[in-house]
Every structure is written in C-alpha cells, then in structure tokens.
Amino acid sequence: MTKQASDTSYKTDALIAEDIDAYLDQHQNKSLLRFITCGSVDDGKSTLIGRLLYDSKMIFEDQLAALESDSKKVGTQGQEIDFALLVDGLAAEREQGITIDVAYRFFATEKRKFIVADTPGHEQYTRNMVTGASTADCAVILVDARKGVLVQTRRHSYLAHLLGIKHLVLAVNKMDLVDYDQQVFDDIVADYAAFAKEIGIEAFTPIPISGFKGDNITAAPSENTQWYEGPALIEHLETIEIANVAAQEKPFRMAVQWVNRPNLDFRGFSGLIGSGTVKPGDTVRIVPSGKTSTVKSIVTFDGELDEAVAGQSVTLTLEDEVDCSRGDVISASDNPPEASDQFEATIVWMDEEALKPGRGYWLKLASQMVTATVQEPKYEINVNSMEHLAAKTLGLNAIGVAEVHTEKPVTFEAYADNRALGGFILIDKITNATVGAGMLHFSLRRAQNVHWQATTITRDDHAGMKNQKPRVLWFTGLSGSGKSTIANAVEQRLNLMNRHTFLLDGDNVRHGLNKDLGFTEADRIENIRRVGEVAKLMTDAGLIVLTAFISPFRAERDMVRAMIDDCEFIEIFVDTPLDVAEQRDVKGLYKKARSGELKNFTGIDSPYEAPEAPEIRVNTVEMTVEEAADHIIQHILPLK
Ligand code: ADP
C-alpha cells in the first residue's frame, strides 16, 4: 500500500473511534461518483477493481447502504483483507455472474463515495455494458500496456461515448510488465488519441498504472513512473465533475413519478429532478398540457427545502389546482421541453429475439409509458469498426439507428442534452422483458407539422345517419379455419338487418393496398397495421367492418385494438385445429407448405399465437357455419 493510502486509513480509523457521528456526517455529505470499468479480465480488470477497493478505505456494500440510510449503528469499518484473496474473489464472482447484468461495487475515500459498475468485456455482453454505462459519469477504459489499443478498446470507448459519458480515463495497465517504459505509454496514448478524435471524443485522461503493484492508483507519480506528471487514478476520480452537478446549469425539468394526495389539503408531485434547479416561487409549466403555475413548496423526507437541484428526488406542491399526472413533466416555464411522436434514435437491442420493425412495444421514457413502433433500421453500426451496415432488423447486442413512432406524443430532449428525458427502454408487451435501450436524437418534424384536421361532421354523425354503432369484427385464425366463410355469413345477416357493413378480406387487400408486402414477419406486421388503419377509417365513416386475416401475432392484434375505441373492437377467434384446417386445404396451400414450396406458412413454419381472451370464440368442429354466424350476431346485439 502506498504511503498516502495508509495515512488516510489511519485518520479515518481515528475519526471512527473518536466521533462516529462526525464520521457518518462526513460520509453523508460526500458526493457520489458512478463509473464503469471497460476491459476484459485479461486486461487486469478484476485486479484493478480489487486495487481500488483495497487501497481506498474499503467499505462493503451493506455498510455503505447502512451509512446512506443514516443508521448511526454502524461502528465497524471495512475489514482489512488480503489483496490477492480479494482479487481472486472478485474474478470468481465475475465468472459466476457473467450472465448477470452488471456487478456494482461500492467504495469510498475521504473525499467521495464511488459506485463502480463492473461489466463483462466481450462483445456478446454489449447490452450489459450499456446497462452499466447508462448512469455512469465516467468510464475507465483499460488497456494492457503490452497489447495497446485493441478492437475491444475501440468498442468500449465508442459505446461509452455513445451513451453520453463525458469523462473517459485511458488506464494503461500492467506498466510493471513493460518496465514502466514512458515510450510504450506515449505510443499507446498517441494511438488512442487518433482514434478518439475520429469518433468525436473531445478529451480523455491517460494514466499509466499497475493494478497489481499499485502504481499511480492513490498517489502519483509512483516511484517507478517519475516521468508521469498527471494525477493518480483515485485522485482523478475524486475530482471529476458529476453529471448531476453539470445538469444543474440546464433548464429545470422533473418527470412526475406519482401524485401524492394523502388528504384533500395536500397535493404533491413527486419525481427525480432530471436537470436544473427549483425554488418556491418559481413559475413552472406542465408539459404537455402547457398549463403554468407557481411552486409553493419543496417537500422532502427531512422537511421543506429552499432549493432543490438535479439529482434530488422531491415532492413539489403548486399554488394552483392544475391538472398534472404521472408522466407529465414539470419544467421551467420559459424553456419547456418539446413533445413529439416521431423521432430518430440510436437503439441497442438487448433481446435474443430480434427487433420486429412495425411491432408495438412499450416505450418507457422517464415516467412516460406509451406504445411505440420502430421502423426498419436506417443502418446498423459495426461496433468494432464503426462502419454503417445495411440492416432489416437488429439482433441481440446490435446497435442501429432507426425511426421510432409513438402512439401519443412524448415529452423529450435529445439524449446528448439530457439523459433523463432522452434515454428510453423498449419493453415487450407480452413477456414484459426489456428488449432494447435507446437514445433519442431529434424529433422528425413531421409529427409537429401535420396537425389533425378537426372536421365538422363527426364520426358520431356518420354513425347516426346509419342508425348503428360502428364496430370492427376482427376474425383471426389459421388459414382455412373458416374466417372468410363465417365473416361472409355474418355480413349477409347484417345486410338483411339493414346494416351498412364492409368486409375486408386478407386475400383481396393483398391484391391492392398491400400488394407491395410479402410474408416475412415484418411484412405481416405492416399488413395488419394498414388493415387496422383502414378499419379505423371505416368505423369513422360509421360502418360495421368485418376483417378476415390470419393475423397470427398477438402483439399486432393488440396494436389494432389499441387504435380503435375499446368497445368497438371485437376479436373473434375462429378456433379450428391445425389438422382440420390442413385437411380442408381449400386453397391447396398446406400441401405447398408441407412440400417446402411455400415458406413462412402459419401453422407450419411460422407461428400462430392464439388469442388469450377473445370477445368471441367459435369452434368450427363443433359449430356449422350457420351456427357460428348466429352465435356472433347474438353477441354483438343490439347494434345501435
Ligand atoms: P380462411 O378464411 O380462414 O382461410 P376459408 O373460410 O377460406 O378460411 O375456408 C374455410 C373452409 O372450411 C371453407 O371451405 C368452408 O366451407 C370449410 N368449413 C367447413 N366447416 C366449416 C365451419 N364450421 N366453419 C367455417 N368453415 C367451414
């Protein structure tokens, strides 16, 4: 251990012994720096992390948590343990936990608390690195002095830069193995500088270290690198400006997480301040409604505040009874963020199942949650060479740029300006798994410039003229299950009842509106989206629409359901077992699919996801066409 580190521990020990309250207070008021280490075990990552924990006054996770929750009971300090054992332990843990997202480790020095996100270095763990990096203020990029800048060094740097990490440290490790040769260090720095400039990294801090021997970790220069004039790694980490501090300079924004209303006299809006500062008396604007009010008080667990800043979680009360709910953003009144429903974004795909362009996913941005679709990527980025490649989708760990469309406008800022309002995740609607993370670049102006044309004659007027309630009867089922046949019988009955109907049939639509689409998953999704939009327009015209499309994916049927007024959408599952449909083989398609002549055929080599809770289910083995049609009519009565 270096001299400075042992002095530090001595002082801390003395303080703990003499005045535990003072010690805890000191801890409470320390700033917290989050950083990420990038590199593989071979670069000496575990050794470096072990060294940081060992040379700083190490504090174990539970103790830090206890300190943070202001427990005065903690009297012990981090145990002294053997350095080699510690490193072995970290490496073993890392190996076992390699599929776990990210290992977070805590330590503290006299000046600061640290959380280091330790992520695996290989390309197949890109998503883990993204998770760890998304909240980091700094990235320590490890390079083995014997190997220099490698492909993975570039990948890690690129990702860190992409995720908006402002401070990069190039830790040239294992200097002991190159005899602390300045030339080796200088060459690596020059090499890295050239690359960094290429991808837009403006500055980085190079430090020659040995994680194993402890050179330039806590104090610099070490005896072995007298030629080095910069700071030691921990010294540098102690001085980096924390993103929250930088964010205080920006306009005020707080996404409302929940509305607090314990009684009629109190109504508070709680959330994390993403940027800026706020004081009682400030005029604020609620986005998207645009309503303004004045901040009455800032309430926290420890009482009211005169001022709150970025990074703090607070509850605001306002002078006026304005509408404001979860997902809204309270912002500086003279500088509110925009709202839009079409964006360009960089997306990191995190799921085994590739992105399905056009499919509806949940998009979560701050506290806003909306349905979103991602278009076919403009390009994918090769994370090793930074080349742009053509891509139709994004697979696990792929990074690409694509347009994102949301069902409702979301309040946002460019990720580069505000991570809290520019970063989002995509969630699969069925499995609830996080499948992607994204960074918004900018709004595609179209959404703001194309306004909804308010018309004088409304959909109710149209429906009123027909004396009927518009509906969409959405038939879904395998090919040959009987969708068209039954829909046709239902339409005949409605016609006899003087109802104005329209039957949209899969085969027919594919001859016209959708003749540009094939049968890949992406095309099937787009096929259904367009049919959904047409059905919606027809309900606006007051019609009862019947659709007969296999519509094999639950997510797309739900997307259409979401487009149409809830009580107007009736999902009818034509439940015919595959063997029965295949026996009927009205169009001879099953035969072709079985012989391999026809690819992507539902039920054979493309899945059919049966509805879980359809409004109506008809089993064509048990019911005749006539019975099925009568059953459906019974269900949708009355028609007005
Ligand atoms: P889809 O539109 O689902 O592809 P079709 O309606 O074109 O299916 O074909 C279904 C075939 O099954 C028709 O030839 C129909 O006469 C026959 N069929 C036999 N029994 C039934 C039933 N109970 N309900 C619907 N169709 C049936």
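Residues numbered from 1 in each chain as written. Predicted model: local features only at pLDDT ≥ 70, side-chain atom pairs only at ≥ 80, totals over all residues. Heavy atoms only, no water.

Caption draft 1: Geometry of the sheet that holds strand β2 (residues 103-108). A sheet is described by the order of its strands in space; here six strands give the open sequence β2-β3-β1-β4-β5-β6, paired in mixed fashion. Strands at the two margins of the open sheet, each flanked by one partner only, are β2 and β6 (205-208). Adjacent strand axes in the sheet meet at a mean angle of 25 degrees when their direction is disregarded. Both strand β5 (residues 167-173) and β6 contribute to a ladder of four bridges, which runs parallel. Residue pairing across strands places Val169 opposite Thr205, the latter belonging to β6. (Pairing = 2+ DSSP bridges. Helix = DSSP H or I, 4+ residues; strand = E, 2+ residues; numbered from the N terminus. Axes fitted to C-alpha atoms, helices over the stretch in contact; angles between N-to-C directions.)

Caption draft 2: Structural detail: the site of the ligand. The local shell around the ligand holds 16 residues, among which Gly480, Lys483, Ser484, Thr485 and Met623 are the closest. Contact distances for the ligand include 3.2 Å between an oxygen atom and a backbone N or O atom of Ser481. A distance of 3.4 Å separates an oxygen atom of the ligand from a polar atom in the side chain of Arg584. Computed on the free molecule, the ligand has an accessible area of 570 Å², of which 77% lies beneath the protein chains in the complex. The biggest single contributor to the shell around the ligand is helix α14 (residues 483-496), with four residues. For the shell around the ligand, the class distribution of residues is five nonpolar, eight polar and three charged. (Near = heavy atom within 4 Å. Polar contact = N/O pair within 3.5 Å; in protein donor to acceptor, adjacent residues only side chain to side chain. Areas by Shrake-Rupley, 256 points an atom, 1.4 Å probe, with all protein chains shown as cover. Nonpolar A, V, L, I, M, F, W, Y, C, P; charged D, E, K, R; others polar.)

Caption draft 3: Summary view of the pattern of salt bridges. Applying the stated rule across the entire model yields 30 salt bridges. With its nearest N and O atoms 3.8 Å apart, the salt bridge here joins Glu321 to Arg267. Residue Glu321 is found in the loop between β15 (313-318) and β16 (329-332), and its partner Arg267 is found in strand β9 (residues 266-275); the two are separated by 54 residues along the sequence. Glu321 sits in the exposed class, given a relative accessible area of 62%. (Salt bridge = Lys/Arg side-chain N within 4 Å of Asp/Glu carboxyl O. Buried < 20%, exposed > 50% of the residue type's maximum accessible area, 1.4 Å probe, protein only.)

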